Amino acid sequence: MKNKNNIIISALVMIFTIIVVLNTWTQETLSKDEKRFDLDANGELSTSEKELMVRVLRIENARGVQFSENEIRQMQSGRNERSRGRGGFSRGRDSREPSGPRLTPEQVEFKDGAATIPDRKTFKKLSYQGTDVRIDTQLAGIEFVKIQVENTHTQNPQLYFMNTKTHRSHGSFMRAAGLGRGQGQMRGVLSYRPLFTAPNGEPGVYTFEFNPNDAFPFEKIKLVHDLLVAKMPILKNRLGYCPLWGAIGIYRREKALYDKAEFPVYFEDDLYANIGYLPLNQAESYGRLRLLGANERPTLRDIVICKTLPNEMPRVAGTITGVRQTPLSHVNLRAIQDKVPNAFITKAWENRLIAPLIGKYVYYKVNADGFEIRAATREEVETHFADLRPTKTQKPKRNLSAKKILPLDDIKFADSSSFGVKTANVATLRTFGFPKGTVPDGFGVPFYFYDEFMKHNGFYTKAEELLKASAFQNSHDVKETELIKFRSEIEKGKMPAWMMRALSDLQNSFPNGTSLRCRSSTNSEDLPGFSGAGLYDSFTHNPDEGHLSKSIKQVFASLWNFRAFEARDFFRIDHLTTAMGVLVHPNFQNELANGVAVSDDVVYQTEGNYYLNIQVGENLVTNPEEQSIPEEILLDWWDSNNYRIVSTSNRVTDNKRILTDKYLRELNLYLGTVHNKFSQLYGGASQTTDFAMEIEFKITNNGKISIKQARPWGK
């Protein structure tokens, strides 16, 4: 019996030892970051701990800080009562006890506030725009001046414009101005919204609102409106009232009075729908202003006005569209890549500032709060383009040491110099622990194959002859014609036997009858500061098309299309060291939707949001069908339940959402993970405040999200 007990005790000791060892081993497998979020110290991360880690790391990355373990525990438990919304954490309230004698608006020093705002310049001096908005999370990223109205119950009401750079809260200002609590007070904010159309038809709207839980009657709202216009004349015909949630009830009861008022009422969603100007890429340029007709090809010195959104755009000096663009379209990605101005301006060809300049040399600048355009001289244009191009030839990195087609799971992030950034990034996505099927499984064809194919057919010699030909150099028409011929020759080129066998093996590794997507992956795209989006072409190889070499050669040939050649030529990128790899994976069929998302709000510049576009079916957001309007959403970094529908898709009925709450929860975590992981992989680039990642994704025919691409946002 004693021996039996000893055996049992020994067994229990052994089991306990194994548990301890396994727990210790698991703890050791957690990374340094992961250990910070193992709050129950059990050696592994639960689903909720993983979600917390992704979100906290995203915020730490944006702010350049690291939260303590105690702060992380508070975030998990919600004890900090995060009032950030899209801003920061609560910082407590200011006492409103006055610190000196009561001052009139005229007596307040400018460092604290002002009695009048004579012009836009003064408004900018008094305004604040950023993320330090305390509890006023709806103001994050918006330019605003807070206001204080006193004595509204008397015949002599007083309006104070706060210096909001100095005083972010009303309490702080009230102490400085000697204002105590009292009857007839109204505390509000005056905001400038440059993207929206004013009642007079021009871009730029000012709105005033009050604390979210305040509910003032119409007569008080009209009083403040009239005071604002009297003390700030530029508000005439540009000012509207924006009732927040606490004022909705009284607004509805008094709606008849507002309907007769001389000022409009805006709700937050109305403001997004009333956009008349959208700065897609803020930059400046010179060129000839040209209203682009159907099937016309612009030159790189044209600033083009497009009445519809073109799917393809060669390099130009600037772009204006008369229909709203998605910032994730290839037109805008090209503008970002080429560092040229791009904006949506309602009926630009009729605009009083633009129309008289069509056909002339102009200076064109896109700002966050408006555009500038004026006549320019030919000398200004010539100087601009001379300064813009690099002075030396750039040779993209091309590593030809990888000589075999590899499965994506064998390709590393550092292998981009051999397989292209697109292939390397998709391969890297597969290491992030996403559910199976979220990232495609496939293969990478290295640059070595393209290089050997070009040498085997003597195509490098042919390319050198083209580059030296004077007619090719000096004529856009000749250049386009010769490049078409060259691509045709490449598509008909012969592959060496070993290459044909390798591609056969790749093709046969997929189940019989599988359609394969062959995607371009070069050494001159998807790079920080140079997206290369839309420059090259991808092709689907269907089962009835025979050997895979047919589609691979089409991808090779796309390296020499006109738009790609022009872009490289302008930036003096060596055409002969540019190389094409190919990413091969099963083709998506009958997908429910296509989308693009960025790990920051790159359009409305709100803080703490992801920006998402999606459209139903195979209608690509990057190359939208004519008049296609995608679903547009701002999704909170921290809380996937906090989002704004900016626009609904015009391809769905009954305003149904494509991205339901379930999809938003998944994308929230995917985007946070992608941003956090790639920000580390890209090193120095991630340290810039505007680093963000862009992903292309699909909702497959079985309702699953699949991420097909990740690239640094082109800013």
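As the structure is a prediction and not an experimental result, all values here were calculated from the model. (Residues numbered from 1 in each chain as written. Predicted model: local features only at pLDDT ≥ 70, side-chain atom pairs only at ≥ 80, totals over all residues. Heavy atoms only, no water.)

A.B. asks: Explanation requested: the packing of helix α15 (residues 447-456) against helix α19 (residues 497-508) in the structure shown.
C.D. replies: In a packed pair of helices, the relevant descriptors are the angle between the two axes and the axis-to-axis distance. Axis separation between α15 and α19 bottoms out at 11 Å; the angle between their running directions is 145°. Every pair of crossing elements has a handedness; the one defined by α15 and α19 is left-handed. Each of Tyr448, Phe449, Glu452 and Phe453 in α15 lies in contact with α19, whose residues at this interface are Trp498, Met499 and Ala502. (Axes fitted to C-alpha atoms, helices over the stretch in contact; angles between N-to-C directions. Helix = DSSP H or I, 4+ residues; strand = E, 2+ residues; numbered from the N terminus. Left-handed = near helix turned anticlockwise from the far one by under 90°. Contact = heavy atoms within 4.5 Å.)

A.B. asks: For this particular structure, what's the right way to read the packing of aromatic side chains?
C.D. replies: Within a pair of aromatic rings, the relevant descriptors are the distance that separates the centres and the angle that separates the planes. Using the criterion set out here, one finds 36 aromatic pairs in the structure. Measuring from ring centre to ring centre gives 5.7 Å for Tyr448 and Trp498, while their planes differ by 40°; the resulting arrangement is tilted. Here Trp498 lies in helix α19 and Tyr448 lies in helix α15, a separation of 50 residues in the sequence. Owing to a relative accessible area of 16%, Tyr448 belongs among the buried residues under this scheme. Ring plane angle 55° and centroid distance 5.8 Å describe the contact between Phe453 and Phe459, whose orientation is recorded as tilted. By way of ring pairs, the aromatic residues Phe208, Phe210, Phe216, Phe218, Tyr241, Tyr251, Tyr258, Phe263 and Phe267 are connected into one cluster. Sitting over the face of the ring of Tyr128, Arg168 holds its NZ or CZ atom 3.7 Å from the ring centroid. (Phe/Tyr/Trp six-rings, centres within 6.5 Å; stacked < 30°, edge-to-face > 60°. Buried < 20%, exposed > 50% of the residue type's maximum accessible area, 1.4 Å probe, protein only. Lys NZ or Arg CZ within 6 Å of the ring centre and 35° of its normal.)

A.B. asks: What's the story with the sheet that holds strand β21 (residues 631-636) in this structure? I'm lost.
C.D. replies: Paired through their backbone hydrogen bonds, the strands of a sheet run either parallel or antiparallel. The strand order across the open sheet built from 6 strands is β22-β21-β20-β19-β23-β24, with neighbouring strands paired in antiparallel fashion. Each edge of the sheet is formed by a strand with only one pairing partner; in this case those strands are β22 (643-647) and β24 (705-712). Averaged over all adjacent pairs, the angle separating strand axes in this sheet is 20°, with direction ignored. Looking at chain direction, strand β19 (residues 593-598) and strand β20 (residues 609-616) are connected through 6 bridges and run antiparallel. Paired with Gly595 across the strands is Ile614, a residue of β20. Contacting β19, β20, β21, β22, β23 (693-699) and β24, helix α22 (residues 661-681) runs over the sheet at an angle of about 145° to β23. (Pairing = 2+ DSSP bridges.)

A.B. asks: What exactly am I supposed to notice about the sheet that holds strand β12 (residues 361-367) here?
C.D. replies: The mixed open sheet is built from 7 strands, whose spatial order is β7-β11-β10-β9-β8-β12-β13. In the strand order of this sheet, the two ends are held by β7 (277-281) and β13 (370-375), each with one partner. Averaged over neighbouring strand pairs, the angle between their axes works out to 30° when direction is ignored. In this sheet, strand β11 (residues 342-345) lies alongside strand β10 (residues 318-321) in parallel orientation, the contact comprising 3 bridges. Each residue of the ladder has a partner; that of Thr321, found in β11, is Phe344.

A.B. asks: Just checking my understanding: could you explain the nonpolar core for this structure?
C.D. replies: Nonpolar side chains in soluble globular proteins generally cluster together in the buried interior. Counting 50 residues, the largest nonpolar core has Leu429, Leu612, Leu659 and Ile695 as its most contacted members. Those residues in contact with Ile695 that lie beyond four places of it in its chain are Gly595, Val596, Ala597, Leu667, Leu671, Val674, Ile707, Gln709 and Ala710. Of all hydrophobic cores here, the second largest spans 49 residues; its members include Ala343, Leu357, Val362 and Val602. (Core = buried A, V, L, I, M, F, W, Y, C linked by side-chain atoms within 4.5 Å.)

A.B. asks: Honestly, the environment of Arg430 in this entry has me stumped. Any pointers?
C.D. replies: Mapped onto the fold, Arg430 is located in the loop between α14 (421-429) and β15 (443-445). Look at Arg430 and you get partly exposed, because its relative accessible area is 27%. When the C-alpha atoms of Arg430 and Leu408 are compared, they prove to be 8.1 Å apart, with 22 residues separating the residues in sequence. Excluding anything up to four places from it in sequence, Arg430 contacts Leu408, Asp409, Val439, Pro440 and Asp441.

A.B. asks: What should I look at first to understand the pairing of β24 in this one?
C.D. replies: Regular strands place side chains that alternate from one sheet face to the opposite one. Among the 8 residues that make up β24, 8 are buried, leaving the element largely enclosed by the rest of the structure. When β23 meets β24, the two strands line up antiparallel, connected through 7 bridges. Pairing of Glu696 across the sheet is with Gln709, part of β24. Linking β23 to β24, which pair antiparallel, is a turn of 5 residues; within it Gly703 sits at a positive phi near 80°.

A.B. asks: Help me understand the packing of helix α18 (residues 476-491) against helix α21 (residues 562-570), please; the structure alone is not making it clear to me.
C.D. replies: One can describe the packing of α18 onto α21 by two numbers: an axis separation of 10 Å at closest approach and a directional angle of 120°. When the interaxial angle is binned, α18 and α21 end up oblique. Considering the relative orientation of α18 and α21, their crossing is right-handed. Of the residues in α21, those touching α18 at His476, Lys479, Glu480, Leu483 and Arg487 are Phe562, Phe565, Glu566 and Asp569. Classifying every residue of the contact of α18 with α21 gives 3 nonpolar, 1 polar and 5 charged. (Parallel < 35°, antiparallel > 145°, perpendicular 65-115°, else oblique. Nonpolar A, V, L, I, M, F, W, Y, C, P; charged D, E, K, R; others polar.)

A.B. asks: Can you help me understand the pairing of strand β5 (residues 203-210) in this one?
C.D. replies: With respect to burial, β5 is a largely interior element, 7 of its 8 residues being buried. Here strand β4 (residues 186-197) runs beside β5; their pairing, made up of 7 bridges, is antiparallel. Looking across to β5, one finds that Thr197 is bridged to Pro203. As paired strands, β5 and strand β6 (residues 239-241) are joined by 3 bridges and run parallel to one another. For Tyr206, the partnering residue across the bridge sits in β6 and is Leu239. For the handedness criterion, the β-α-β arrangement of β5, helix α7 (residues 218-231) and β6 is classed as right-handed. (Right-handed = clockwise from strand over helix to strand, strands pointing away.)

A.B. asks: Explain the pattern of salt bridges to me, please; I cannot follow it from the model alone.
C.D. replies: If charged atoms from side chains of opposite charge come close, those side chains can pair. This model, assessed by the stated rule, comprises 29 salt bridges. Note that Lys255 and Asp259 form a salt bridge whose closest N and O atoms lie 3.2 Å from each other. Here Lys255 pairs with Asp259, and both are found in helix α9 (residues 255-260), just 4 residues apart, close to one helical turn. Judged by its relative accessible area of 37%, Lys255 falls in the partly exposed class. The residue Glu591 makes a salt bridge to Lys698 at a minimum N-O spacing of 2.7 Å. In this pair, Glu591 sits in the loop between β18 (580-586) and β19 while Lys698 sits in strand β23, placing the two residues 107 residues apart along the sequence. (Salt bridge = Lys/Arg side-chain N within 4 Å of Asp/Glu carboxyl O.)

A.B. asks: Just checking my understanding: could you explain the confidence of the model for the protein chain for this structure?
C.D. replies: Any region with low pLDDT has predicted coordinates that should not be read closely. The predicted model of the protein chain has a mean per-residue pLDDT of 84, with 86% of residues at 70 or higher. A low-confidence stretch, residues 11-28 stays under pLDDT 50, and its non-local contacts, those more than four residues away or across chains, total 10 contacts. Every residue in residues 79-96 is under pLDDT 50, and counting partners more than four places away or in other chains gives 61 contacts. (pLDDT = per-residue confidence, 0-100.)

A.B. asks: How should the environment of His675 be read in this particular structure?
C.D. replies: Its place among the elements puts His675 in helix α22. According to the relative accessible area criterion, His675 is buried, its value standing at 1%. Between the alpha carbons of His675 and Ser599 there is a distance of 6.3 Å; along the sequence they are 76 residues apart. Within polar-contact distance, the side chain of His675 engages the side chain of Ser599 at 2.7 Å. (Polar contact = N/O pair within 3.5 Å; in protein donor to acceptor, adjacent residues only side chain to side chain.)

A.B. asks: How should I be thinking about helix α16 (residues 459-468) in this particular structure?
C.D. replies: Residues that lie three or four places apart on an α-helix share one face, since the helix turns once every 3.6 residues. Among all positions of α16, only Phe459, Tyr460, Ala463 and Leu466 are buried. One side of α16 carries all its buried residues, which in axial view fall inside an arc of 120°. Projecting away from the buried face of α16 at angles above 90 degrees are the exposed residues Glu465 and Lys468. (Arc of directions from axis to C-beta.)

A.B. asks: What exactly am I supposed to notice about the environment of Leu190 here?
C.D. replies: Tracing the sequence through the fold places Leu190 in strand β4. As a C-alpha pair, Leu190 and Tyr241 span 51 residues in sequence and 9.5 Å in three-dimensional space.

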